[in-house]
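Remarks on the overall topology
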Amino acid sequence: MNERKINKSEEEWRKLLTPEQYEVLRKKGTEPAFSGLYENEHAPGVYTCAACGAPLFSSSTKYDSGCGWPAFFAALGGDRVNFHEDDSRGMHRIEVSCAKCGSHLGHIFDDGPEEHGGKRFCINSVALQLEKMEHPPGEKTEKETKEAS
Ligand SMILES: [Zn+2]
């Protein structure tokens, strides 16, 4: 990974993003639960950052958490997301942001599926852009599945 980080002014972001995207990605807003485009999405593909296009999550790590937002138990490898302590709104949470452009994505919690490490990335749909593909990264190949069994 030797991608250059993106440093745009808030004015530039405001022009680039829709008002909904700007509110979440740059103002750390949260879309209403069960409102998002990807909450119930099951198509295979890679979820990229809606602000800069960096690949962040694979559909192979997405699961139905019932929390009202797209949930993933892992991010794509290579330090694509950053974590920050977030004490806003009277809660202690860990914020998740895009490592490339610094945009806010959502939060990470410790109530994810046990068998996958117990993490839940709770991410706003509006912060993501799904690029559909037949074999997203992280999906086990036939060979790996055979070796694992
Ligand atoms: Zn980004």
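The following refers to the structure shown. Please read these numbers as outputs of a predicted model, since none were measured by experiment. (Residues numbered from 1 in each chain as written. Predicted model: local features only at pLDDT ≥ 70, side-chain atom pairs only at ≥ 80, totals over all residues.)

With that settled, the discussion passes to the overall build of the protein. Scanning the protein from terminus to terminus reveals three helices and nine strands. Listing each helix as α and each strand as β along the protein from the N terminus yields α-α-β-β-β-β-β-β-β-β-β-α. For the protein, the residues scored as buried account for 34% of the 149 residues in total. Within the protein, counting contacts between residues at least 6 apart in sequence, those at least 24 apart form 59% of the total. (Helix = DSSP H or I, 4+ residues; strand = E, 2+ residues; numbered from the N terminus. Buried ≥ 20, exposed ≤ 12 C-beta atoms within 10 Å, placed from the backbone. Contact = placed C-beta atoms within 7 Å.)

Below, the discussion takes up the sheet that holds strand 5 (residues 81-86). Reading across from one edge, 3-4-8-7-6-5 is the order of the six strands in this open sheet, with antiparallel pairing throughout. With one partner strand each, in any of the chains shown, strand 3 (62-63) and strand 5 form the two edges of the open sheet. Looking at chain direction, strand 4 (residues 71-72) and strand 8 (residues 120-123) are connected through two bridges and run antiparallel. Bridge pairing in strand 8 places A71 opposite C122. (Pairing = 2+ DSSP bridges.)

So, on to the nonpolar core. Within the largest apolar cluster, 29 residues are counted, with the highest numbers of intra-cluster contacts made by L56, C98, I123 and A127. For this core, the elements supplying multiple residues, two or more each, are helix 2 (19-25), strand 1 (45-49), strand 2 (55-58), strand 4, strand 6 (93-98), strand 8 and strand 9 (128-132). If near-sequence neighbours (up to four positions away) are discounted, A127 is found in contact with V24, L25, A50, S103, L105 and G106. (Core = buried A, V, L, I, M, F, W, Y, C linked by C-beta atoms within 7 Å.)

Attention now goes to the sheet that holds strand 1. The strand order across the open sheet built from three strands is 2-1-9, with neighbouring strands paired in antiparallel fashion. Each of the sheet's edge strands pairs with one partner strand only, and the pair in question is strand 2 and strand 9. The average undirected angle you get between the axes of adjacent strands in this sheet is 35°. The sheet contact formed by strand 1 and strand 2 spans three bridges and is antiparallel. Each residue of the ladder has a partner; that of V46, found in strand 2, is S58. (Axes fitted to C-alpha atoms, helices over the stretch in contact; angles between N-to-C directions.)

Turning next to the environment of Q129. Of note, Q129 is situated in strand 9. Those residues in contact with Q129 that sit more than four places away from it in its chain are T48 and A50.

As for its placement among the helices and strands, H107 is situated in strand 7 (residues 104-109). When the C-alpha positions of H107 and R120 are compared, they lie 8.3 Å apart, and in sequence the two are 13 residues distant. With residues near it in sequence (within four places) discarded, H107 still touches D86, R93, I94, E95, V96 and C122.

Of note in the backbone geometry, K28 takes a positive phi value of approximately 60° without being a glycine. The residue F34 is not glycine, and still its phi comes out positive at about 60°. If you trace the backbone, F34 turns up in the loop between helix 2 and strand 1. Among the residues examined, F34 registers 11 C-beta atoms within 10 Å and is labelled exposed.

Of the two faces of strand 8, the one carrying R120 and C122 and the one carrying F121 and I123 are both buried. As judged from the four bridges shared by strand 7 and strand 8, these two strands associate in the antiparallel manner. Counterpart to I108 in the pairing with strand 8 is F121.

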